[in-house]
Amino acid sequence: MTTISTQKSISIRSESLNDLGKAAKELLSFCGETKVITFSGNLGAGKTTFIKSISQELGVTDLVSSPTFSIINEYRNKENIPVYHFDFYRLKSTQEAEDTGCVDYFFSNTYCFIEWPAIVEILLPDEYVQVEITVDNDIRTINATHKQNNK
Amino acid sequence: MNTKPVIILAIESSCDETAAAVLSDTNILANIIAGQEVHKNFGGVVPELASRAHQQNIIPVVDEAMKKAGVKREDISAVAFTQGPGLLGSLLVGGSFAKAFAQALNIPLIPVNHMQAHILAHFIKASPPGPLSEGEGEQSKPSFPFLCLTVSGGHTQIVMVKDYLEMEVIGQTIDDAAGEAFDKAAKIMGLPYPGGPLIDKYAKLGNPLRYKFPEAKIPGYDFSFSGLKTAFMYFIRDNGLDNTCTTPEEFISKNQNDICASLQHTIVQTLMNKLRLATKELGITQVAIAGGVSANSGLRNALLAEQEKGNWKVFIPPFEYCTDNAAMIAITGHYKFLQGDIAGQDTGTKARLYF
């Protein structure tokens, strides 16, 4: 497996919860050095579940759960390196999101997994990875793209 | 022997409420909450507004609590504050205030875990006795060990409580909280915020067995509500397009009470099944509840039914101690103070905090 991908986009198919770990590995390999990743998909598409798998691949031992209420969840891996999990589902504007201090996290060179990212897209670093999850009869298609944020 | 009561001033600002309380030993003298009505217009808790509002509220709230309690600054033995978990910006407001207050008066500072405090709310005594919620009279207190189900918008835990400050989380949600399941289902149905109480209201008028929703099969005492959310969404979508309805909205408006009753029944039974398993396996029959969802009538009735069957002794705190409040921070501060568990000015607030 290559650790640094030169592809602009990939599509990963996941047929059950059991192969999400493999999908997580593929995604991390595709991301390479890029650590800010957005996750889009309908309510119930499996965004939190997939982030849980990715965090486990990164060695996170904390419980990964929905940050809808808390907005920002912080986890640590075995080396005590933080991983941040955001959910902007309940926020209404970019200003409100910015006031949470999220930008400091995005530029901290730590993993940032962002659910419901629409209102923070213009706050993201120049390079990030956009993940879109679609579900059809329990088969998940995970499309990931390296994005350039040209502000 | 010094018989002077221990007076604790407590501050809570972990999320959307700014609250202050004054406690004399275990008797509550004042419990003040500045609700943030502004959030209703935003469909949830807005952190920036939250921390700004905390800054505006904190001094008036503390002032009112001390006036109501009839205590002066020099009467206060220690200041307790919510250290976490919560939104960092919100926690910082209460934490900074508490530190400054403690330093100015040269009294001990006591950081409190919000989740532990929810549980210890059971030990608050109303003073003077009454008026209590729902005319329940002076609450009987659980004795150790007991199990506590803490359920709110952000948390779902079963905690084994061995002593005031010795407790262990034995089960928790691996994804969404029970309160989140209520709120997201309400949002799918187009109900206004906060959705949980509305679902409870309509559920009282509906048939809880009309629709079947899946209950997650999770090992041990853990919970999962993410699958229920997904199943509920497809349920609304698919029924909105069957031969009796043309849109999901039509299906919802025709069957609102039964949908709410069935959904609530599923969530409550999921919680109850894990509690039943825990009580059986651990041989503990005292069961307490805490957190905002303990206001849910379906959950209360299910717990009381177990008590009537003679299986459990059930403890439900008055409602004002279920939702976020500072009285629970004060009572936790009280027990920590008695154990000499105090902190220096170098203590901080933590968004991520376990016990």
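Please read all numbers here as calculations on a predicted model, not as lab measurements.

> Requested: an account of the overall build of chain B, with residues and values cited.
Within chain B one finds nine helices and eleven strands. What you see for chain B is a C-alpha radius of gyration of 21 Å, in line with the 20 Å of a compact globule of 355 residues. With respect to the three principal axes, the spread of C-alpha positions in chain B is 75 × 45 × 35 Å. Here chain B holds 355 residues, and 58% of them are scored as buried. For chain B, the exposed surface amounts to about 14600 Å²; the carbon and sulfur share of it is 53%. When the 30 positive and 35 negative side-chain charges of chain B are each reduced to one mean point, those points stand 1 Å apart.

> An account of the layout of surface pockets is requested, with residue identities and associated values reported.
Taken as a whole, the second largest pocket holds about 830 Å³ of empty space. Lining the second largest pocket we find 38 residues, and of these A:Leu17, A:Thr49, A:Arg140, B:Ser226 and B:Gly227 sit closest to its centre. Secondary structure elements with two or more residues in the lining of the second largest pocket: α2 (47-57) and β6 (127-136) of chain A together with α4 (178-188) and α6 (226-239) of chain B. For the lining of the second largest pocket, a count of residues per class yields ten nonpolar, 14 polar and 14 charged.

> I'd love a proper account of the pattern of salt bridges, names of residues and values included.
In this structure the tally under the stated criterion is 15 salt bridges over all chains. A salt bridge links A:Lys22 to A:Glu26, with the nearest nitrogen and oxygen atoms 4.0 Å apart. Residue A:Lys22 and its partner A:Glu26 are both found in helix α1 (residues 20-31); the two are separated by four residues, about one turn of the helix. Residue classification places A:Glu26 among the partly exposed positions, given a relative accessible area of 32%. Here B:Lys162 and B:Glu168 are joined by a salt bridge, their closest N and O atoms 3.2 Å apart. The partly exposed category is assigned to B:Lys162, whose relative accessible area is 35%. Accessibility expressed as a relative area gives 36% for B:Glu168, which makes it partly exposed.

> Before we move on, can you summarise the state of the cysteines with the specific residues and values?
Summed over all chains, the structure comprises zero disulfides over all chains. B:Cys260 supplies the cysteine sulfur nearest to B:Cys245, a cysteine that is in no disulfide, at a spacing of 15 Å.

> Any chance you could break down α2(A) for me, citing the residues and the numbers?
All names here are of chain A. With eight of its eleven residues buried, α2 lies for the most part within the structure. Those residues of α2 lying buried are Lys47, Thr48, Phe50, Ile51, Lys52, Ser53, Ile54 and Ser55. Those residues of α2 hidden inside the fold are in contact with α1, β2 (36-40), β4 (82-87), β5 (111-115), β6 and β7 (139-148). Once α2 finishes, Gly59 follows within two positions and takes phi at roughly 85°, a positive value.

> How would you summarise the pairing of strand β8 (residues 156-163) of chain B if you had to cite specific residues and measurements?
A regular strand places its side chains so that they alternate between the two faces of the sheet. Residues and elements named next belong to chain B. Burial runs high along β8: six of the eight residues are buried. Relative to β8, strand β7 (residues 146-151) runs antiparallel, the two being bridged by six bridges. Paired with Thr150 across the two strands is Gln157, which belongs to β8. Between the end of β7 and the start of β8, which pair antiparallel, lie four residues. Note that β8 and strand β9 (residues 166-172) share six bridges and pair antiparallel. Bridging across to β9, Val159 finds its partner in Val169.

> Lay out the sheet that holds β8(B) with the relevant residues and their values.
Residue and element names in this part refer to chain B. Strands sit in the order β9-β8-β7-β10-β11 across an open sheet of five strands; the sheet is mixed. This sheet does not close on itself; its edge strands, each paired only once, are β9 and β11 (313-315). Taken over all neighbouring pairs, the strand axes of this sheet differ in orientation by 25° on average, direction set aside. Across three bridges, the pairing between strand β10 (residues 286-290) and β11 is parallel. Note that in β11 the partner of Val287 across the bridge is Val314. Relative to the sheet, helix α7 (residues 248-282) contacts β7, β8, β9 and β10, its axis offset from that of β7 by approximately 160°. The strands touched by helix α8 (residues 297-308) within the sheet are β7, β10 and β11, with β11 carrying the most contacts at an inclination of about 150°.

> Lay out unusual backbone geometry in plain terms, naming residues and giving numbers.
A cis amide bond links B:Gly84 with the next residue in sequence, B:Pro85, at an omega value of -10°. Position of B:Pro85 relative to the elements: it lies in the loop between β4 (78-84) and α2 (88-105). Residue B:Phe144 is joined to B:Pro145 through a cis peptide bond whose omega torsion reads -5°. By the element assignment, B:Pro145 lies in the loop between β6 (125-126) and β7. Located in the positive-phi region is A:Asn80, a residue other than glycine, with phi close to 65°. Looking at where A:Asn80 falls in the secondary structure, it is placed in the loop between β3 (72-76) and β4. Despite not being glycine, B:Asn106 has its phi angle at roughly 55°, a positive value. Along the polypeptide, B:Asn106 turns up in the loop between α2 and β5 (109-113).

> Before we move on, could you go through the packing of aromatic side chains and cite the residues and values that matter?
Residues and elements named next belong to chain B. Inspection of the entire model under this criterion finds 23 aromatic pairs over all chains. Geometrically, the ring pair formed by Phe123 and Tyr335 is edge-to-face, given 6.4 Å between the ring centres and 85° between the ring planes. With Phe123 in the loop between α3 (114-120) and β6 and Tyr335 in helix α9 (residues 327-338), the pair connects residues that are 212 residues apart, well separated along the chain. With respect to class, Phe123 is no different from Tyr335; both count as buried.

> A description of the nonpolar core should follow, citing residues and the corresponding values.
Residues and elements named next belong to chain B. Residues Leu149, Phe232, Ile267, Leu271 and Leu303 are the most contacted members of the largest nonpolar core, which totals 49 residues. Mapped onto this core, the elements with two or more residues apiece are β7, β8, α4, α5 (195-203), α6, α7, β10 and α8. The element best represented in this core is α7, accounting for twelve residues. Apart from the residues lying within four places of it in its own chain, the contact partners of Leu149 are Gln157, Ile158, Phe223, Leu271, Leu275, Ala288, Ile289, Ala290 and Leu299. If you look at the next biggest cluster of nonpolar residues, it comprises 33 residues, including Ala78, Ala80, Met167 and Ala330.

> Give me the lowdown on the packing of α7(B) against α8(B), citing residues and values where you can.
Residues and elements named next belong to chain B. At a minimum axis distance of 9 Å, the contact between α7 and α8 shows a crossing angle of 40°. Between α7 and α8, the crossing angle belongs to the class labelled oblique. Crossing handedness for the pair α7 and α8: right-handed. Together, Gln264, Val268, Leu271, Met272, Leu275 and Arg276 of α7 and Ser297, Gly298, Leu299, Ala302, Leu303 and Glu306 of α8 make up the contact between the two elements. For the contact of α7 with α8, a count of residues per class yields seven nonpolar, three polar and two charged.

Conventions used here
Residues numbered from 1 in each chain as written. Chains lettered and ligands numbered in written order. Predicted model: local features only at pLDDT ≥ 70, side-chain atom pairs only at ≥ 80, totals over all residues. Heavy atoms only, no water. Helix = DSSP H or I, 4+ residues; strand = E, 2+ residues; numbered from the N terminus. Rg over C-alpha atoms; globule rule 2.2 N^0.38 Å. Buried < 20%, exposed > 50% of the residue type's maximum accessible area, 1.4 Å probe, protein only. Areas by Shrake-Rupley, 256 points an atom, 1.4 Å probe, with all protein chains shown as cover. Lys, Arg positive; Asp, Glu negative; His and termini not counted. Charge placed at Lys NZ, Arg CZ, Asp CG, Glu CD. 1 Å grid on protein atoms, 1.4 Å probe; cavity = no way out; pocket = protein on both sides within 12 Å on 5 of 7 lines; lining within 4 Å. Points joined across faces, edges and corners; volume = space filled by probe spheres on them. Nonpolar A, V, L, I, M, F, W, Y, C, P; charged D, E, K, R; others polar. Salt bridge = Lys/Arg side-chain N within 4 Å of Asp/Glu carboxyl O. Disulfide = S-S within 2.5 Å. Contact = heavy atoms within 4.5 Å. Pairing = 2+ DSSP bridges. Axes fitted to C-alpha atoms, helices over the stretch in contact; angles between N-to-C directions. Phe/Tyr/Trp six-rings, centres within 6.5 Å; stacked < 30°, edge-to-face > 60°. Core = buried A, V, L, I, M, F, W, Y, C linked by side-chain atoms within 4.5 Å. Parallel < 35°, antiparallel > 145°, perpendicular 65-115°, else oblique. Left-handed = near helix turned anticlockwise from the far one by under 90°.

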